[in-house]
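Given next are the chains, with one letter for each unit.
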Amino acid sequence: MAVYCFYLFDRTGTCLCYYEWNRSRSLQDASDDQKNMFGMLFALRNFSVKLSPDPAKGVPTFFVTDVYALHYFETPTGLRFVLITSHDCGSVDVTRHLTDIYAEVYVEYAIKNPLYVKGSKIDYELFLSKLDSYVRSLPCF
Amino acid sequence: MGLQYLFVINKAGSLIFDRRLSENAPQLSPNDCLHLASTFHGMQLLVQQLSPEPSDHGFGIVTLETESYVLQAYRPETGVQFFVTADLKTENLAAFLRDVYVIYADYVMKNPFYELDMPIKVDRWEAHLKRLVDKYNNRVNV
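Figured I'd write up the structure that's included with this text. Keep in mind it's a predicted model, so treat the numbers as computed, not measured. (Residues numbered from 1 in each chain as written. Chains lettered and ligands numbered in written order. Predicted model: local features only at pLDDT ≥ 70, side-chain atom pairs only at ≥ 80, totals over all residues. Heavy atoms only, no water.)

Observations regarding the overall build of chain A
Right, on to step 1. A count of helical and extended segments in chain A gives three helices and five strands.
Right, on to step 2. The helix and strand sequence of chain A, counted from the amino end, reads β-β-α-β-β-β-α-α.
Right, on to step 3. With the C-alpha coordinates of chain A rotated into their principal frame, the extents come out at 45 × 30 × 30 Å.
Right, on to step 4. By residue count, 51% of the 141 residues in chain A fall in the buried class.
Right, on to step 5. Taking contacts inside chain A between residues at least 6 apart in sequence as the whole, the part at least 24 apart equals 51%.
Right, on to step 6. Entry remark: accessible area of chain A is about 6600 Å², with carbon and sulfur atoms responsible for 53%. (Helix = DSSP H or I, 4+ residues; strand = E, 2+ residues; numbered from the N terminus. Buried < 20%, exposed > 50% of the residue type's maximum accessible area, 1.4 Å probe, protein only. Contact = heavy atoms within 4.5 Å. Areas by Shrake-Rupley, 256 points an atom, 1.4 Å probe, with all protein chains shown as cover.)

Re the side chain of Gln44 of chain B
All names here are of chain B.
Right, on to step 1. With respect to the helices and strands, Gln44 occurs in helix H1 (residues 30-49).
Right, on to step 2. Polar contacts involving the side chain of Gln44 include one to the main-chain amide nitrogen of Ile61, which spans 2.6 Å.
Right, on to step 3. Not counting chain neighbours up to four residues away, the residues in contact with Gln44 comprise Gly60, Ile61 and Gln81. (Polar contact = N/O pair within 3.5 Å; in protein donor to acceptor, adjacent residues only side chain to side chain.)

Structural notes on the interface of chain B and chain A
Right, on to step 1. Taken together, the 37 residues of chain B in the interface contact 32 residues of chain A.
Right, on to step 2. With both chains or domains summed, chain B and chain A bury close to 3100 Å², and 65% of this area falls on carbon and sulfur atoms.
Right, on to step 3. The largest per-residue losses of area from chain B upon contact with chain A belong to Leu50, Pro52 and Glu65 of chain B, which jointly make up 22% of the total buried on that side.
Right, on to step 4. Our count for the chain B to chain A interface comes out at one salt bridge.
Right, on to step 5. Lys50 of chain A is the salt-bridge partner of Asp32 of chain B, the closest N and O atoms lying 3.2 Å from each other. (Buried area = accessible area lost by both parts, 1.4 Å probe. Salt bridge = Lys/Arg side-chain N within 4 Å of Asp/Glu carboxyl O.)

Re the environment of Leu28 of chain B
Right, on to step 1. With respect to the secondary-structure elements, Leu28 of chain B resides in the loop between strand S2 (15-20) and H1.
Right, on to step 2. Residues Leu28 of chain B and Lys121 of chain B, 93 residues apart in the sequence, show an inter-C-alpha distance of 19 Å.
Right, on to step 3. Ignoring anything within four residues of it in the chain, the contact list for Leu28 of chain B reads Lys50 and Leu51 of chain A together with Tyr5, Phe7, Cys33 and Leu36 of chain B.

Digging into helix H2 (residues 92-111) of chain A
Since the α-helix advances by 3.6 residues per turn, residues separated by three or four positions end up pointing in the same direction.
Residues and elements named next belong to chain A.
Right, on to step 1. Helix length check: H2, at 20 residues, gives a terminal C-alpha distance of 26 Å against a target of 28 Å (1.5 Å per residue), a fit within 8%.
Right, on to step 2. Ile101 marks where H2 bends most, by close to 35°.
Right, on to step 3. Where H2 is buried, its residues meet strand S1 (3-9), strand S3 (60-65), strand S4 (68-74), strand S5 (80-86) and helix H3 (125-136). (Expected span 1.5 Å × (residues − 1). Bend = angle between axes of the 7 residues up to and from the residue.)

Structural notes on the pattern of salt bridges
Residue and element names in this part refer to chain A.
Right, on to step 1. Evaluated as defined, the whole model comprises nine salt bridges over all chains.
Right, on to step 2. With its nearest N and O atoms 2.8 Å apart, the salt bridge here joins Glu74 to Arg45. Of this pair, Glu74 sits in strand S4 while Arg45 is found in helix H1 (residues 30-51), placing the two residues 29 residues apart along the sequence.
Right, on to step 3. A relative accessible area of 23% places Arg45 in the partly exposed class.
Right, on to step 4. Between Asp93 and Arg96 there is a salt bridge, with its nearest N and O atoms 3.3 Å apart. With Asp93 and Arg96 both in helix H2 and three residues apart, this pair spans about one turn of that helix.
Right, on to step 5. We classify Asp93 as partly exposed; its relative accessible area is 48%.

It is worth stressing that arrangement in space is one thing and function is another; only the former is reported here.
Below is the structure:
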């Protein structure tokens, strides 16, 4: 059980926030990794919507590989929340925490921050520490 | 509950077999199927690259879940990829794909007229696949 990292993208594909906990393979180039991640999500989303019997419900919630699980949540405004955990945390319950991160961390500490300009990178200490403590409190951490 | 779609992709990423297994499944044109198969192949490479931990085997996605269906993928050592979509809460999809692989090995690979990496048009494979799908769907619906 482990949580590796968190990504937040806006609708244009800009990475608003990246935070990592215990990942053993470090990143060579963070911006490359974020672009690849967004590209993969974009392809994955199109793919899964197309295969869905009901196109309105075809958005992926999570996937599991042999090493990790990726949890995905998107808002109607196009924000994409991604949490990467170890592969044994692959369940819908973990994905639901992303909704809470949106409501309790992003809305409270980024959107309600008067200095925050929408679409810019979020590097407020308060936001990051709340995110950190929220994720550390998860049962799968 | 039941199976929806089965795809088989060769190691170069092109579609060699697709089959709609249920009335619930979306209607896909042959072009869509080709497109989906190559997207899946490309995505698998990215998924492995994005891994936060080093991987020993390098499977990509094994299970994918959405709000309306699940997808299970299986890649044996030869690089062929099988993936199946099914209604939510369908169980034993991994076992189903393994059975599909067994009949693939028996009736496609052992067919002397089958050329490697070409689309599969083998009657006995289709017949056995149909039997397997029926058996599986019956077991799921009981």
